[in-house]
Amino acid sequence: METGWVVHEESGSTTFPVLHGGMNPQLRHWREAATLLLAARSGAPARPVRCPLGPFDYEMLLLQRSPRSGFLPRAHVFPGGLLEAADFSVDWLGLLPALPRCGLGSVRPSSPGGNRAPVFATDRASLGSPLPGDVAFRICAIRETFEEAGILLLVSGPGPASDPGPARLLPQHHLPPAPELAEWRQRVQQDPACFLQLCRYLRCVPNIWALHEWGNWLTPVPRAGRGHRRYDTAFYLCCLEERPPHASQDDQEVTGFQWSTPPEAIELFKSQEIWFAPPQFYELCRLCNFSSLHDLHRFGSDRALEGCERWMSVTLAASDGYIQLLPGDELYPKDPDYTGEKKLFLSTDKKIEELMKEDSKLHRVVIHSLNNLTVHVNIQPKYKHVNPLKMDSNIVGICIKFHIFLF
């Protein structure tokens, strides 16, 4: 099929310093990170409303990045951050259940045509790490959630909870007074190794069993932040039975936070009150499939055993906007430029509408403007995942109107 693309190629590459301490030392073009889709049951009981998506009985934690941030300044994101050597510390084995997976369920072998994402498939033992990557990435997501939002996702005993439902927080009487906990938070922000010390002090462990593998996004080459920062980020889902009573921004990396249902968050985005990068927008549209926290938790925990694939979008510049192509799309390159060394950029003189009519296999995010995105997917998702809903403005508006009226 003739695409009408023009491929631009430039020489040169961007590299990062070699990382040590249990992390992959072979990475040069990006760094590894973890993020958490934290869903908590809302305070008000769900009541039937005239909304095409139904009433939502949970909300997602959204953090606003500092305007001084070198990556996605002012954007609203899910909590998370860079993997640190302390997340791979051998000392965690003194708190967690025995290896090989510290009580985590085993991910099923990849189905034909599917490949386990490298961030999860990398043999960490061969890199000198005693801790599996599946464990270290979860510890990273939990630590970063404490650093950025002050929320501790810990349990008092090692091993998965006997209750298969959404996770519960530690009782308040199990935690130190707020001023002391704030001091611990500052220590962890300054030295990630202090998170293990905090867990020892509280005689608790990170609730890695409440985090379920959800996705994996690699920062695209054209969309790298200032300094060409790129991240290979593991996305986890965690469902809480109740909203944490105390959450606060750290006023360093994070300057604000809010709890919103997925449709509310998308409406705020479309009305230009907040801004998301395309991966966050995509995941919020995917979460719109689930109006029930129970259903979301059950789907997430069951599906996580299938694993996931890594997605890196490839940007196609049209005459009237941009399209971020994702794996499985008819126009997605057979051999994408993961490293950015070739500096390949795709462009066409065609309009977005023309491209949408010509192509039959769609997996893309159409970008008309900064706050006008639409996800188009008509392919079968891999790993038993679910496609995002196409969030039409009319659907979102109706849901928000009735949610505000009742709650």
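Residues numbered from 1 in each chain as written. Predicted model: local features only at pLDDT ≥ 70, side-chain atom pairs only at ≥ 80, totals over all residues. Heavy atoms only, no water.

K.L.:
Honestly, the packing of helix 3 (residues 178–190) against helix 4 (residues 194–202) in this entry has me stumped. Any pointers?
P.N.:
Each pair of packed helices can be described by the angle between their axes along with the distance between the axes. Where helix 3 meets helix 4, the axes come as close as 8 Å, and the angle between the chain directions of the two elements is 150°. In terms of orientation, helix 3 lies roughly antiparallel with respect to helix 4. Contact residues: helix 3 offers Glu 180, Trp 184, Arg 187 and Val 188, while helix 4 offers Cys 194, Phe 195, Gln 197, Leu 198 and Tyr 201. Along the lines of polarity and charge, the residues of the contact of helix 3 with helix 4 split into six nonpolar, one polar and two charged. (Axes fitted to C-alpha atoms, helices over the stretch in contact; angles between N-to-C directions. Helix = DSSP H or I, 4+ residues; strand = E, 2+ residues; numbered from the N terminus. Parallel < 35°, antiparallel > 145°, perpendicular 65-115°, else oblique. Contact = heavy atoms within 4.5 Å. Nonpolar A, V, L, I, M, F, W, Y, C, P; charged D, E, K, R; others polar.)

K.L.:
Please explain the pattern of salt bridges as it appears in this structure.
P.N.:
Oppositely charged side chains can pair when the atoms bearing their charge come close. Under the definition given, this model contains 21 salt bridges. Close ionic contact of Glu 306 with Arg 108 constitutes a salt bridge, the shortest N to O distance being 2.4 Å. With Glu 306 in the loop between helix 7 (293–303) and strand 11 (310–311) and Arg 108 in the loop between strand 5 (80–82) and helix 1 (118–121), this residue pair connects regions lying 198 residues apart in the sequence. Among the ionic pairs, Glu 147 bridges to Arg 143, the shortest N-O distance being 2.7 Å. (Salt bridge = Lys/Arg side-chain N within 4 Å of Asp/Glu carboxyl O.)

K.L.:
Would you mind going over the environment of Pro 171 with me for this structure?
P.N.:
Along the polypeptide, Pro 171 turns up in the loop between strand 6 (154–155) and helix 3. Residues Pro 171 and Val 155 lie 16 residues apart in sequence; the distance between their C-alpha atoms is 9.7 Å.

K.L.:
So what exactly am I meant to see when it comes to the confidence of the model for the chain here?
P.N.:
Close inspection of predicted coordinates is inappropriate in any region flagged by low pLDDT. Here the chain shows a mean pLDDT of 85. Residues at 70 or above account for 85%. Every residue in residues 1–20 is under pLDDT 50, and counting partners more than four places away or in other chains gives 62 contacts. For the stretch residues 396–407, pLDDT sits under 50, and the model shows 27 contacts to residues farther than four places along the chain or on other chains. (pLDDT = per-residue confidence, 0-100.)

K.L.:
In this structure, what is going on with the packing of aromatic side chains? I would like to understand it.
P.N.:
One pair of aromatic rings is described through two measures. These are the centre distance and the angle between the planes. A complete count under the given rule lists 12 aromatic pairs for this structure. Consider the rings of Phe 56 and Tyr 58, whose centres lie 5.8 Å apart with planes at 55°: the pair is tilted. There is no split in this pair, since Phe 56 and Tyr 58 are both buried. Here Tyr 282 and Trp 311 contribute two aromatic rings whose centre-to-centre distance is 5.3 Å and whose plane-to-plane angle is 80°, an arrangement assigned as edge-to-face. In this pair, Tyr 282 is assigned in helix 6 (residues 278–287) and Trp 311 in strand 11, connecting sequence segments 29 residues apart. The residues Tyr 282 and Trp 311 share a single accessibility class, namely buried. By the ring-pair criterion, three or more aromatic residues cluster together here, those being Trp 92, Phe 146 and Phe 195. Its end group placed over the ring of Tyr 338, Arg 310 keeps NZ or CZ at 4.9 Å from the ring centre. (Phe/Tyr/Trp six-rings, centres within 6.5 Å; stacked < 30°, edge-to-face > 60°. Buried < 20%, exposed > 50% of the residue type's maximum accessible area, 1.4 Å probe, protein only. Lys NZ or Arg CZ within 6 Å of the ring centre and 35° of its normal.)

K.L.:
Got a minute to help me understand helix 2 (residues 133–149) in this structure?
P.N.:
Note on helix geometry: an α-helix contains 3.6 residues per turn, so any two residues three or four positions apart are oriented the same way. In this model, helix 2 (17 residues) spans 24 Å end to end at C-alpha, consistent with the 24 Å of a helix rising 1.5 Å per residue. Counted residue by residue, helix 2 has 17 buried out of 17 residues, so it is predominantly covered. Phi turns positive one or two residues past the end of helix 2, at Gly 150, with a value near 75°. (Expected span 1.5 Å × (residues − 1).)

K.L.:
How should the nonpolar core be read in this particular structure?
P.N.:
Grouped burial of nonpolar side chains is what soluble globular proteins tend to show. Residues Leu 38, Leu 96, Leu 152, Leu 153, Phe 195 and Ile 208 are the most contacted members of the largest nonpolar core, which totals 58 residues. No other element matches the nine residues that helix 2 contributes to this core. The residues contacting Leu 38, other than those within four sequence positions of it, are Glu 59, Met 60, Leu 61, Thr 145, Ile 151, Leu 153, Cys 238, Leu 240 and Trp 259. Membership of the second largest hydrophobic core comes to 35 residues, among which are Tyr 58, Leu 62, Cys 285 and Leu 373. (Core = buried A, V, L, I, M, F, W, Y, C linked by side-chain atoms within 4.5 Å.)

K.L.:
How do you make sense of unusual backbone geometry when you look at a structure like this?
P.N.:
Glycine aside, a negative phi is what most residues show, and trans is what most peptide bonds show. Between Leu 99 and Pro 100 the backbone carries a cis peptide bond, its omega angle lying at 20°. Mapped onto the elements of the fold, Pro 100 is located in the loop between strand 5 and helix 1. One non-glycine residue, Cys 102, lies in positive phi territory at about 55°. Along the chain, Cys 102 turns up in the loop between strand 5 and helix 1. The buried category is assigned to Cys 102, whose relative accessible area is 0%.

K.L.:
Where do I start with the pairing of strand 16 (residues 372–377) in this structure?
P.N.:
Two faces belong to every sheet, and in a regular strand the side chains alternate between them. In terms of strand pairing, strand 15 (residues 363–369) meets strand 16 through six bridges, oriented antiparallel. Opposite Val 366, over in strand 16, you have Thr 374 as the bridge partner. The antiparallel pairing of strand 15 with strand 16 creates a hairpin that spans two residues between the two strands. (Pairing = 2+ DSSP bridges.)

K.L.:
Explain the pairing of strand 2 (residues 31–41) here, please?
P.N.:
Of all 11 residues in strand 2, nine are buried, a share of seventy percent or more. As defined by bridge partners, strand 2 adjoins strand 9 (residues 231–240) across 10 bridges and the pair is classed as parallel. Each bridged residue has a counterpart across the sheet, and for Thr 35 the counterpart in strand 9 is Phe 235. In the sheet, strand 2 pairs with strand 5 via three bridges, with the strands oriented antiparallel. Residue pairing for strand 5: Ala 33 is matched across the bridge by Leu 82. Strand direction decides the pairing type here: strand 2 and strand 3 (residues 58–65), joined by three bridges, are antiparallel. Bridge pairing in strand 3 places Ala 39 opposite Met 60.

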